[in-house]
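# Topology and contacts: notes
Residues per chain are reported as follows:
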Amino acid sequence: MKVTIFGATGLIGQGVLRECLGAGDVEQILSVSRTSTGEMNPRLRELLLSDLFTLAEYEDQLSGYDACFFSLGVSSVGMDEATYTRLTFDLTLSIATLLASLNPQMTFIYVSGVGTDASGRSMWARVKGRTENALAKLPFKTIHLFRPAGVLPVHGERSKVAHYNWLYDATGWFFRPLRGLMNGYVVTTEEIGTAMLNVARMGWKTTVLEPADIRKSALS
């Protein structure tokens, strides 16, 4: 497979990138991000853009990919709905629409979160829900919407949100031994990366993957 990753420097994206680099059937990886991953690998190429809304200017570099793993996102904490909509709905749809036109045989995997609902009370859930609904209408070969709950870093991955790192450091020891009792609600960065690759390879029975589905697809 040839894959592209959006958000490879975020917590989930780091996990996805690690699994892609370790997968023998992934022959080429394109990371599109604002900052470098710092990884040096002959199969990895980076497209660094300060403004991802300008991606259409680089469409000659975006064709021929079999899968896109989209974990790009920002925290909604302290952000008004208009700004969060621009950075979540508008940006995601701008990128996905371009990719769909260039790669109609692509599998597109989008990471939102458990509780996503276009009619929900929470601002982030509404915006993410609208984003999921719009993505599902794009002409990709297949699209899958991942809704993880808790994600534990297990290979040194770090979030760009400082207080998330503090939370992981403070509680990770507690959740690791209890994960088996939580019906998949806590997955590791390794599991979510493996799940994305497996779904890109073999598909999945549903468009939406809730936490338990993510855990199961990592084992398939």
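Described in the following lines is the structure provided in the data block. (Residues numbered from 1 in each chain as written. Predicted model: local features only at pLDDT ≥ 70, side-chain atom pairs only at ≥ 80, totals over all residues. Heavy atoms only, no water.)

Helix and strand counts for the protein chain stand at 6 helices and 9 strands. Here the protein chain holds 220 residues, and 50% of them are scored as buried. Long-range pairs, those at least 24 residues apart, make up 67% of the contacts in the protein chain between residues at least 6 apart in sequence. Only carbon and sulfur atoms are counted for the fraction: they give 54% of the accessible area of the protein chain, which is about 10,300 Å². (Helix = DSSP H or I, 4+ residues; strand = E, 2+ residues; numbered from the N terminus. Buried < 20%, exposed > 50% of the residue type's maximum accessible area, 1.4 Å probe, protein only. Contact = heavy atoms within 4.5 Å. Areas by Shrake-Rupley, 256 points an atom, 1.4 Å probe, with all protein chains shown as cover.)

Ordered by their spatial adjacency, 7 strands build an open sheet running β3-β2-β1-β4-β5-β6-β9, and the pairing between neighbours is parallel. The open sheet has two free edges, formed respectively by β3 (44–48) and β9 (208–209), since each of these has just one partner strand. Note that strand β2 (residues 28–33) and β3 share 5 bridges and pair parallel. By the bridge assignment, isoleucine 29 is partnered in β3 with leucine 44. Contacting β1 (2–6), β2, β3, β4 (67–70) and β5 (107–111), helix α1 (residues 11–21) runs over the sheet at an angle of about 165 degrees to β1. (Pairing = 2+ DSSP bridges. Axes fitted to C-alpha atoms, helices over the stretch in contact; angles between N-to-C directions.)

Turning next to the nonpolar core. Ranked by size, the top nonpolar core spans 32 residues in total, and within it Phe6, Leu55, Ile95, Leu99 and Phe108 carry the most contacts. Elements that contribute at least two residues to this core include exactly β2, β4, α2 (81–102), β5, α3 (123–135) and β6 (142–146). Top element by residues in this core is α2. It accounts for 9 residues. Counting residues in hydrophobic clusters, the runner-up holds 30 residues, among them Cys20, Val111, Met196 and Ile214. (Core = buried A, V, L, I, M, F, W, Y, C linked by side-chain atoms within 4.5 Å.)

Glancing now at the pattern of salt bridges. Counting across every chain of the model gives 6 salt bridges. Taking the shortest distance from any N to any O, the salt bridge between aspartate 25 and arginine 201 comes out at 2.7 Å. Of the two residues, aspartate 25 is situated in the loop between α1 and β2 and arginine 201 in helix α5 (residues 189–202); the sequence distance between them amounts to 176 residues. The partly exposed category is assigned to aspartate 25, whose relative accessible area is 34%. Among the ionic pairs, arginine 215 bridges to glutamate 191, the shortest N-O distance being 3.1 Å. Of this pair, arginine 215 sits in helix α6 (residues 211–219) while glutamate 191 sits in helix α5, and the two are 24 residues apart along the sequence. (Salt bridge = Lys/Arg side-chain N within 4 Å of Asp/Glu carboxyl O.)

Right, let's talk about α5 for a bit. Each α-helix turn comprises 3.6 residues. Residues three or four places apart therefore point the same way. Across its 14 residues, α5 extends 20 Å between first and last C-alpha, which sits within 8% of the 20 Å expected from 1.5 Å per residue. Burial runs high along α5: 10 of the 14 residues are buried. All buried positions along α5 are accounted for by Thr189, Glu191, Ile192, Gly193, Ala195, Met196, Leu197, Asn198, Val199 and Ala200. One or two residues past the end of α5 sits glycine 203, with phi positive at roughly 80 degrees. (Expected span 1.5 Å × (residues − 1).)

So, on to the side chain of threonine 107. Along the chain, threonine 107 turns up in strand β5. Once you skip the residues sitting within four places of it in the chain, threonine 107 turns out to touch Asp66, Ala67, Cys68, Lys141, Thr142, His144 and Ala200.

Attention now goes to the packing of aromatic side chains. As enumerated under the stated definition, the model contains 4 aromatic pairs in all. Ring centres of phenylalanine 6 and phenylalanine 70 lie 5.4 Å apart, and the angle between their planes is 25 degrees; on these two criteria the pair is classed as stacked. Note that phenylalanine 6 is positioned in strand β1 and phenylalanine 70 in strand β4, a separation of 64 residues in sequence. Classification of phenylalanine 6 by relative accessible area gives buried; the value is 0%. (Phe/Tyr/Trp six-rings, centres within 6.5 Å; stacked < 30°, edge-to-face > 60°.)

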